[in-house]
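A closer look at the structure
Residue-level listing of the chains:
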Amino acid sequence: MPLIVTLDGPAGAGKSSAARALAARLNVHYMDTGAMYRALAWAAMQRGYALENSALIAELAREVQIVFDTGRVLVDGTDVSAEIRSEKVTAATRYVADAPAVREVMKIIQRKIGSECDIVTEGRDQGTVVFPTATVKVFLTASAVHRAKRRHQEEVVRGSGLTFQEVLESQSVRDAADIARPVGALVAAVDAVVIETDSLTLEEVVECLVSLVEETRQARGKHDD
Ligand code: DC
């Protein structure tokens with residue numbers, strides 16, 4: 001059975017850095033499901049599709065090839081890694097991610113990837129909906145101010161010019177959307193380990209995750225003996 005580690009949680013809790021580092025430490029694939037929803041929104045915008053037309057977007061999700069290639073995200077061969085992080089795509093992604101029909105297609109694609117290789121997967125619904133029997137489930141969270149500070153720092157690096165207050169406000173809009181989503185809402189799986197990252201460095205979070213995976217593997221090994 002493939003190893004599946006799910007990392008869910010709100011925006012800005014440090015999931016991406018932690019998931020990427022954990023996957024590298026375990027030498028397994030990293031699946032960024034947020035990037036998949038973003039890439040799909042980008043593809044829909046490129047085609048001029050109405051984002052509210054969920055049947056059309058679900059059809060598009062079946063057609064487009066979203067590929068992760070050494071840290072880059074490709075949509076039908078086009079590198080969209082930078083563009084999918086823009087404010088415009090971030091805002092559009094919400095509509096795409098809210099549609100149950102789209103999520104159903106994404107679930108099938110994500111499960112297929114998870115059935116083929118060992119993965120660390122990051123998102124909102126990975127431990128609850130997509131991989132309910134994952135090897136290890138983690139819910140990474142942090143206070144709203146801490147998360148906004150982290151995201152603002154990223155915006156400064158990107159030179160977007162957004163203020164801390166603007167980042168905080170758009171974060172609360174996204175939090176509300178993530179929590180209220182009719183399917184795939186942001187919630188910790190009942191069997192997830194919840195880690196609050198406010199007072200932890202990235203290295204400490206990763207060490208904690210590596211230990212969790214090792215402990216689970218050992219316990220499973222004993223169980224299988
Ligand atoms: O993690 P992120 O900020 O890149 O996610 C982008 C958007 O996609 C955000 O609106 C939440 C949504 N999302 C989702 O609904 N389910 C996932 N598994 C991952 C992301």
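Quick look at the structure, then. Note that the coordinates shown come from a computational prediction; the quantities given were computed from them, not determined experimentally. (Residues numbered from 1 in each chain as written. Predicted model: local features only at pLDDT ≥ 70, side-chain atom pairs only at ≥ 80, totals over all residues. Heavy atoms only, no water.)

Re the overall build of the chain
Let me state the cut-off plainly: Secondary structure elements follow DSSP: runs of H or I no shorter than four residues count as helices, runs of E no shorter than two count as strands, and numbering proceeds from the N terminus. Throughout, radius of gyration means the C-alpha value; the globule benchmark is 2.2 Å times the number of residues raised to the power 0.38. Note on exposure labels: buried denotes an accessible area under 20% of the residue type's maximum, exposed denotes more than 50%, and partly exposed covers the range between, all computed with a 1.4 Å probe on protein chains only. Using a 1.4 Å probe, the Shrake-Rupley method yields the accessible areas, and only the shown protein chains count as cover for residues. Lys and Arg are tallied as positive, Asp and Glu as negative. Neither His nor the chain termini are counted. The location of each charge is read from NZ of Lys, CZ of Arg, CG of Asp or CD of Glu.
Helix and strand counts for the chain stand at nine helices and eight strands. For 225 residues, the compact-globule estimate of 2.2 N^0.38 gives 17 Å, and the chain sits close to it at 17 Å. Along the first, second and third principal axes, the C-alpha set of the chain runs to 55 × 40 × 35 Å. In the chain, which comprises 225 residues, the proportion classed as buried is 46%. Surface exposure of the chain reaches about 11200 Å², of which carbon and sulfur atoms provide 55%. In the chain, 26 positive and 32 negative side-chain charges are present, and the distance between their average locations comes to 2 Å.

Brief notes about the site of the ligand
Note the threshold: The criterion for a residue being near a molecule or strand is simple. One of its heavy atoms has to lie within 4 Å of it. Two N or O atoms form a polar contact when they lie within 3.5 Å of each other; inside protein one atom must be a possible hydrogen donor and the other a possible acceptor, and for residues adjacent in sequence the pair counts only when both atoms belong to side chains. Think of it as three bins: nonpolar holds Ala, Val, Leu, Ile, Met, Phe, Trp, Tyr, Cys and Pro, charged holds Asp, Glu, Lys and Arg, and polar takes everything else, Gly as well.
Contacts to the ligand come from 15 residues, most closely from R38, R103, D125, R174 and R181. One of the side-chain nitrogen or oxygen atoms of T33 is found 3.0 Å away from a nitrogen atom of the ligand. Take R181: an N or O atom from its side chain is 2.9 Å from an oxygen atom of the ligand. A total of 450 Å² of accessible area belongs to the ligand in isolation, and the protein chains cover 97% of it. The dominant element in the shell around the ligand, judged by the number of residues it contributes, is helix α2 (residues 33–46), at four residues. Looking at side-chain class alone, the shell around the ligand contains two nonpolar, five polar and eight charged residues.

A short note on helix α3 (residues 54–63)
This is how it is decided: Regarding the arc, it is the one traced by the directions from the helix axis to the C-beta atoms. Contacts between residues were defined by any pair of non-hydrogen atoms, one from each residue, lying within 4.5 Å.
Those residues of α3 that sit buried are I57, A58, L60 and A61. Burial along α3 is one-sided: seen end-on, the buried residues are contained in an arc of 155°. Turned more than 90 degrees away from the buried face of α3 sit A55, R62 and E63, all of them exposed. Looking at the buried positions of α3, the neighbouring elements they touch are α2, α4 (87–98) and α5 (100–116).

Some details on the pattern of salt bridges
Keep this limit in mind: Any Lys or Arg side-chain nitrogen found within 4 Å of a carboxyl oxygen on Asp or Glu counts as a salt bridge.
For the coordinates displayed, the defined rule picks out 17 salt bridges. The residue R85 makes a salt bridge to D32 at a minimum N-O spacing of 3.3 Å. Note that R85 is positioned in the loop between β5 (78–79) and α4 and D32 in strand β2 (residues 29–32), a separation of 53 residues in sequence. Judged by relative accessible area, which is 6%, D32 ranks as buried. One salt bridge in this structure joins D76 and R47, with 3.8 Å as the shortest N-O distance. Highlighted residues: D76 in the loop between β4 (72–75) and β5 and R47 in the loop between α2 and α3, separated in sequence by 29 residues. For D76, a relative accessible area of 42% puts it in the partly exposed group. Connected through salt bridges with shared partners, the residues R94, D98, R124, D178 and R181 form a single ionic network.

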